[in-house]
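The residues making up each chain are set out below.
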Amino acid sequence: MRVSFLGLGAIGAPIASHLAGPHQLTVWNRTRAKAEAFAAAHPAKAAATPREAATGAEVLLTCLPTSAEVEQVLFGPDGAATALAQGTLVIDSTSGDPASSRRIAARLATQGVAFVDAPVSGGVSLAEKGELTVMLGGDAAAVERARPVVALYGKKKVVHIGPVGAGHAVKGVNNALLAANILSASEGITALVKAGVAPRVAVETINASSGASFVTQTLVPDRVLTGAYPRSFRLALLDKDCGIALDLVREMGISGPVLAAVKGRMAELRALLGEEEDYMAPFRQAERDSGVKIRG
Ligand code: NDP
């Protein structure tokens with residue numbers, strides 16, 4: 001199939017790499033050099049604009065920071081939507097927000113284009129292996145068309161959650177839980193280290209106990225105890241996800257004091273650390289604030 005991919009960021013590029021080869025792939029990225037570098041490294045063509053990328057595409061994927069950028073690249077100047085033929089499928093792998101997705105889907109439907117929200121989970125290293133979880137929101141027919149495409153990088157799990165926006169809702173809540181784990185683990189482990197417990201002993205004991213999580217089992221050993229702190233996912237994007245979850249909680253009339261506190265702290269850290277810091281930065285911030293090192 002002729003497939004186009006818009007947004008070759010930290011997670012977009014490895015996702016797109018699984019589509020090059022099985023499909024005739026065209027890529028577009030705001031910073032053109034990234035699209036050209038991708039096309040040089042994979043069997044793919046680089047397009048100059050979203051509109052050019054969409055011309056002739058049967059399936060178009062987007063992977064952008066938020067739904068606002070998705071709307072911009074679809075409907076803005078030189079936007080993809082003007083070139084999308086009737087019968088095209090748009091798969092949005094952005095962690096977007098459900099209300100925007102419903103609006104985008106309704107607007108595309110007026111030109112006979114189907115839309116599926118298809119956010120992913122697993123991070124950059126699993127994206128490179130094609131082993132992501134993909135959460136699909138859309139009607140059954142569109143989801144069935146999306147499945148063989150997302151299966152190329154969704155080898156862990158592909159699940160049809162519900163109508164348009166449902167994938168984004170689950171992804172938002174998932175990431176709010178991730179943020180809660182990061183924040184609570186950074187506070188608790190820092191306190192244990194300051195109290196004199198060796199960092200590795202603290203982490204290994206928690207990991208053999210009921211407080212263990214993906215954060216303590218994988219992220220803390222790989223990134224915090226080693227001091228490696230690679231940048232793979234921007235804290236600013238995790239803050240955005242916490243906002244999506246909190247909006248859902250409020251829309252449902254649930255008071256949600258814990259998720260509100262998580263969102264509040266993430267926003268504070270985002271303001272303090274800026275747009276480019278990695279999502280594990282709360283641990284480094286806790287180290288700075290407490291004067292102890294969580295290494296070992
Ligand atoms: P990055 O910040 O690494 O990349 C963002 C991409 O969007 C880049 O290609 C960037 O282009 C492009 N972009 C930014 N602003 C605009 C704009 N105004 N118009 C057009 N293009 C724009 O983000 P990620 O790849 O990490 O994340 C993408 C999505 O995937 C987000 O919704 C995120 O929450 C989600 N996600 C990320 C994961 C991760 O581990 N990184 C894991 C799971 C989901 P340019 O190169 O020009 O800056």
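Further up the page is the structure itself.
A brief look at the structure comes next.

A few words now on the packing of aromatic side chains. All told, the structure shown has 1 aromatic pair when counted by the stated rule. With centroids separated by 5.1 Å and ring planes inclined at 65°, the aromatic side chains of F233 and Y279 adopt a geometry described as edge-to-face. One end of the pair, F233, is in the loop between α10 (214-224) and α11 (235-251); the other, Y279, is in the loop between α12 (257-273) and α13 (281-290), and 46 residues separate them in sequence. On the basis of relative accessible area, Y279 is assigned to the buried category, the value being 7%. The ring of Y229 is capped by R284, whose NZ or CZ atom sits 4.5 Å from the centre of that ring.

Among the 28 residues in the neighbourhood of the ligand, the closest are listed as N29, T31, K34, P65 and K240. Note that a nitrogen atom of the ligand is positioned 2.8 Å from one of the backbone N or O atoms of S232. Going through the elements one at a time, α4 (67-75), α6 (123-129) and α11 are the ones with two or more residues in the shell around the ligand. In terms of residue count, the dominant contributor to the shell around the ligand is α4 (3 residues). Considering only residue class, the shell around the ligand consists of 12 nonpolar, 10 polar and 6 charged.

For side chains bearing opposite charge, pairing can occur when the charged atoms are close. In the structure shown here, the tally under the stated rule is 14 salt bridges. The closest approach of N and O atoms between R103 and E71, which form a salt bridge, is 2.8 Å. With R103 in helix α5 (residues 98-109) and E71 in helix α4, the pair connects residues that are 32 residues apart, well separated along the chain. Ionic pairing is found between R265 and E268, a salt bridge with its closest N-O pair at 2.7 Å. Of this pair, R265 and E268 are both found in helix α12, 3 residues apart, which corresponds to roughly one turn of the helix. Because the salt bridges share partners, they merge into one network encompassing D239, K263, R270 and E275.

Parameters at a glance
Counting starts from 1 at the beginning of each chain's written sequence and moves along it residue by residue. Where totals are concerned, whole chains, interfaces and linings use all residues; where local detail is concerned, this predicted model gives features only for residues with pLDDT of at least 70, and gives and counts side-chain atom pairs only at 80 or more. For side-chain calculations, the full set of non-hydrogen atoms in the structure is used, while hydrogens and water are omitted. Only centres within 6.5 Å qualify two rings of Phe, Tyr or Trp (six-membered ring in Trp) as a pair; their planes then separate them into stacked at under 30 degrees, edge-to-face at over 60, and tilted for everything else. Put simply, DSSP H or I for four residues or longer makes a helix, DSSP E for two residues or longer makes a strand, and each gets a number counted from the N terminus. Any residue under 20% of the maximum accessible area for its type is buried, any over 50% is exposed, and the rest in between are partly exposed; the area is computed with a 1.4 Å probe on protein chains only. Counting as a charge over the ring demands two things of the Lys NZ or Arg CZ atom: a distance within 6 Å of the ring centre and an angle within 35 degrees of the ring normal. Throughout, near means a residue has at least one heavy atom within 4 Å of the molecule or strand. Pairs of N or O atoms are called polar contacts if they sit within 3.5 Å, as long as, within protein, a hydrogen donor faces a hydrogen acceptor (for residues adjacent in sequence, only side-chain-to-side-chain pairs). Polarity classes work like this: nonpolar for Ala, Val, Leu, Ile, Met, Phe, Trp, Tyr, Cys and Pro, charged for Asp, Glu, Lys and Arg, and polar for all others, with Gly in that last group. Here a salt bridge means any side-chain nitrogen of Lys or Arg lying within 4 Å of a carboxyl oxygen belonging to Asp or Glu.

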